[in-house]
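Listed here are the chains, written in short residue letters.
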Amino acid sequence: MKEKILKVRYLVFILFAIKMLVYYIAVDIPIFSSLSYWVTLIFFGLTMYLYYYSTQRTQRVLRFVYAIFSLVLFIDVIYYNYFNQLVSVNQIWQIKNIKGTEDSVKSAIPLMSVVILADVPVLWFIYRKFRSRIELDAPKSISRRRKRWVAAGLVVSIIMIALNPFRWASVSKLNSTEAVTVHVKDAVESTLGKVVYNLSSLGTILQNKEVPVNVVEEVSEEVTDETGESEDVSDSGQAQYAGLGEGMNLIVIQVESMQNFVLNAQYNGQEITPYLNQLLKEDTLYFDHYYTNMGKGNTSDAEFSTQTGLYPVIEGASYDLYVDNSFNGLPKLLADKGYYTSAAIGDDKDFYNRATIYPRLGFDYFYNEDNLNMDEISGLGLSDKSMFRQMAENLAGQESPFYSFIITLTNHYPYVLDEHLEATLKLRDEDKDTLFGGYLQTIRYTDEAIGEFIEALKANGLYDNTIIAIYGDHHGLNCLDDENYEKMTEYLGYSYDYDTMLNIPLILHIPGLGEARTIETVGGQVDFLATMANLFDLDLSSTVTFGQDLLNADEGFVATVAYMLQGSFIKDGVLYEIGRDGSFESGRALDLHTHQAISIDGLEENSQKAVTMTEISKYILEHDLAELSDEALADLIKTQTEEAETK
Ligand code: GP9
Ligand code: MN
């Protein structure tokens, strides 16, 4: 009898060991070169030991904790598969945003994550079947002292590893990858940590992140110089293209999931985006090294950065977290110049909290599902063609000058055009029913929709006096997905990685410009505001922006927030991704031109700069300081850094 019961114990442990093996493989944490897997097994072994000597009530609690833990692992794998990071308690509040994208969620559940939940019903069955024997088997004769020592040892090690009070590098590597402590750490940081963060000065925060003072000073100088250092300023001291758009309308189109690789590209003997390619040939400035710098809020963060020039955060969508803040971004600055401003998306007005945040950003009007005619639906909402058709009419009836911010929707994951929409790209058989094929098809559809829109603007007389900016919000094809990786690597002829995945186009179409230029300076969505400020002569003196005017900058730099985590960046010629354990040394670099791995030597200061920028941006957001003047911001950074130094 006893032996049988022992076997059950071993079975439970073996099931757990397999489950964790699958987990660590799924989230790309090496089993042998990292301690994480083994530490998790030790935690579990000790918990099992305690389980057998616990009261029935404690056993019930432990079983519940185990089920919750398994659920967290399950969500981790889904998140990792999609966002290249583990789930944080902050994301729990974001679940409401998933409602509109049910299809996407289903397609994102990888098989491995299901395996992770599979042992819960098996264990439940074992428990029901062997309950009486397991309970009978529990040896009664363990000393209370020993039990307490084991329990205390377990709890103290989890807490010490999670909080790492002595800031040991090896422990910090462990608590950013080990399944139990990574979540304990996150839970503490997201609750208590937020309070501590808000009580600490910026200087202390940066010092804790081990950023040297000279890097803070350099960043401080950069962020308080809105145009960016520039040698391209003409002899008269005037920046290039300055004020070119004054008095003209501005239409900004944020294209859902548009990556740069689709432009000027052939597929199966056809152009993927014939209309946009045509646009690039005349009166256009095309930024081909522009990157998304979104955080956890995807589309909404791309909007947020573009409008405000601030970096979003990894903790959640800025539209939710900072909805009560004041922002002096693009809509407000253009409104100050007499522009009528509107935003438009053919979706539920409350998705991403848009109906609440848009008026706060300064938009006068919001076109959405409630006031657009939802006459043609595809994917998440109104089809792009119908939306653009309606927006061309709406804009014609609007006062000028106007600023119209339009967000497309049809090219959304999982890239399936509704049957009634015409699919015009001829796909190769092997690409049919793949995300890659679907993506090319839906981006072709959006390209046509933009084409029709611009033709409609020509027909209704708005075109000549309107600057049209077009950019992508973020990637469409996640390179972490095996099939995407294979298809894209074959298509591109080089390994599909973050350098291509995070690269989105920025197109500035300026009727009458008389030139068509490709600008290779690296930029990101944070740079959009400063670039528009130059074109439209906007006053940025009380707007904190982390970007620079890309039309006059001679050096580009963008920190990334999601996928490549804090401390990662892209600058001219180079992409650097910080290690999964948060250390610079375990990071990697890619050459933006050859797409090959290169040495990370000499990049550490840039990584610290990326940390500094995103951390100052977060501080600004947490403390609602986005309307500071340059001098006040410089002052704040200086005094707080000095204070922290002297402590
Ligand atoms: C919803 C749309 C989708 O309105 O913007 O956002 P995403 O899923 O790409 O973040
Ligand atoms: Mn999006």
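Scroll up for the structure.
(A) Fine view of the pairing of strand β1 (residues 249-255). The buried fraction of β1 amounts to seven of the seven residues, a majority that puts the element mostly inside the structure. Burial of the side chains of β1 extends over both faces: Asn249, Ile251, Ile253 and Val255 are buried on one face and Leu250, Val252 and Gln254 on the other. Where β1 lies against strand β10 (residues 466-472), seven bridges are found, and the strand directions are parallel. Directly across from Leu250, in β10, lies its bridge partner Ile467. Of the pairings in the sheet, the one linking β1 to strand β9 (residues 402-407) comprises five bridges and is parallel in character. From the neighbouring strand, Val252 faces β9, where its bridge partner is Phe405.

(B) Layout of the pairing of β10. Of all the seven residues making up β10, seven are buried; the element is thus mostly covered by neighbouring parts of the structure. Both faces of β10 are covered, namely the face carrying Thr466, Ile468, Ile470 and Gly472 and the face carrying Ile467, Ala469 and Tyr471. Of the pairings in the sheet, the one linking β10 to strand β11 (residues 503-509) comprises four bridges and is antiparallel in character. Note that in β11 the partner of Tyr471 across the bridge is Leu506.

(C) Inspection of the coordination of the manganese ion (ligand 2) at higher detail. For the manganese ion (ligand 2), every protein donor is listed as Glu256 (OE), Glu256 (OE), Thr299 (OG1), Asp473 (OD) and His474 (NE2), and the spread of their distances is 2.0 to 2.4 Å. Each of the six donor atoms around the manganese ion (ligand 2) contributes to a set of angles spanning 55 to 169 degrees, which defines the coordination as irregular. Coordination of the manganese ion (ligand 2) draws on donor residues from a single chain, spaced E-x42-T-x173-D-H in sequence. Under the relative-accessibility criterion, Asp473 is labelled buried at 0%. For His474, a relative accessible area of 7% translates into the label buried.

(D) Structural detail: the site of ligand 1. Within the structure, ligand 1 sits among Glu256, Asn298, Thr299, Ile345, Asp347, Phe351, Tyr352, Arg354, Leu380, Leu409, His412 and His474. With respect to ligand 1, the side chain of Asn298 contributes an N or O atom lying 3.3 Å from an oxygen atom. Taking Arg354, its side chain carries an N or O atom lying 2.7 Å from an oxygen atom of ligand 1. The protein chains hide 96% of the 310 Å² of surface that ligand 1 would expose on its own. A class-by-class count of the residues in the shell around ligand 1 yields five nonpolar, four polar and three charged.

(E) A look at the nonpolar core. Formed by 156 residues in total, the largest nonpolar core has its most connected members in Tyr358, Phe453, Ile470 and Leu508. With ten residues, helix α17 (residues 435-459) is the single largest residue contributor to this core.

(F) Spotlight on the sheet that holds strand β18 (residues 597-598). In spatial order, the strands read β14-β15-β16-β17-β18; together these five strands make up an open sheet with antiparallel pairing. Only two strands of the sheet have a single partner each, and these edge strands are β14 (557-559) and β18. Here β14 runs beside strand β15 (residues 569-571); their pairing, made up of three bridges, is antiparallel. The partner of Ala559 across the bridge, within β15, is Phe569. Where helix α21 (residues 604-622) meets the sheet, it contacts β14, β15 and β16 (574-577), and its direction lies at approximately 60 degrees from that of β14.

(G) Local environment of the pattern of salt bridges. Inspection of every chain in the model, using the stated rule, returns 25 salt bridges. For Glu218, the salt bridge is made with Lys609, and the minimal N-O distance between the two is 3.9 Å. Residue Glu218 is found in helix α10 (residues 213-223), and its partner Lys609 is found in helix α21; the two are separated by 391 residues along the sequence. The salt bridge partner of Asp429 is Lys432, with a shortest N-O separation of 2.9 Å. Overall, the relative accessible area of 60% leaves Asp429 in the exposed class. Look at the salt bridges and you will find they share partners, linking Arg428, Glu430, Asp431, Lys487 and Glu490 into a network.

Thresholds applied
- Residues numbered from 1 in each chain as written.
- Chains lettered and ligands numbered in written order.
- Predicted model: local features only at pLDDT ≥ 70, side-chain atom pairs only at ≥ 80, totals over all residues.
- Heavy atoms only, no water.
- Buried < 20%, exposed > 50% of the residue type's maximum accessible area, 1.4 Å probe, protein only.
- Helix = DSSP H or I, 4+ residues; strand = E, 2+ residues; numbered from the N terminus.
- Pairing = 2+ DSSP bridges.
- Donors = N, O, S within 2.8 Å, 3.2 Å for Na, K, Ca; no water.
- Tetrahedral: all angles 85-135°; square planar, octahedral: opposite > 155°, others 65-115°.
- Near = heavy atom within 4 Å.
- Polar contact = N/O pair within 3.5 Å; in protein donor to acceptor, adjacent residues only side chain to side chain.
- Areas by Shrake-Rupley, 256 points an atom, 1.4 Å probe, with all protein chains shown as cover.
- Nonpolar A, V, L, I, M, F, W, Y, C, P; charged D, E, K, R; others polar.
- Core = buried A, V, L, I, M, F, W, Y, C linked by side-chain atoms within 4.5 Å.
- Contact = heavy atoms within 4.5 Å.
- Axes fitted to C-alpha atoms, helices over the stretch in contact; angles between N-to-C directions.
- Salt bridge = Lys/Arg side-chain N within 4 Å of Asp/Glu carboxyl O.

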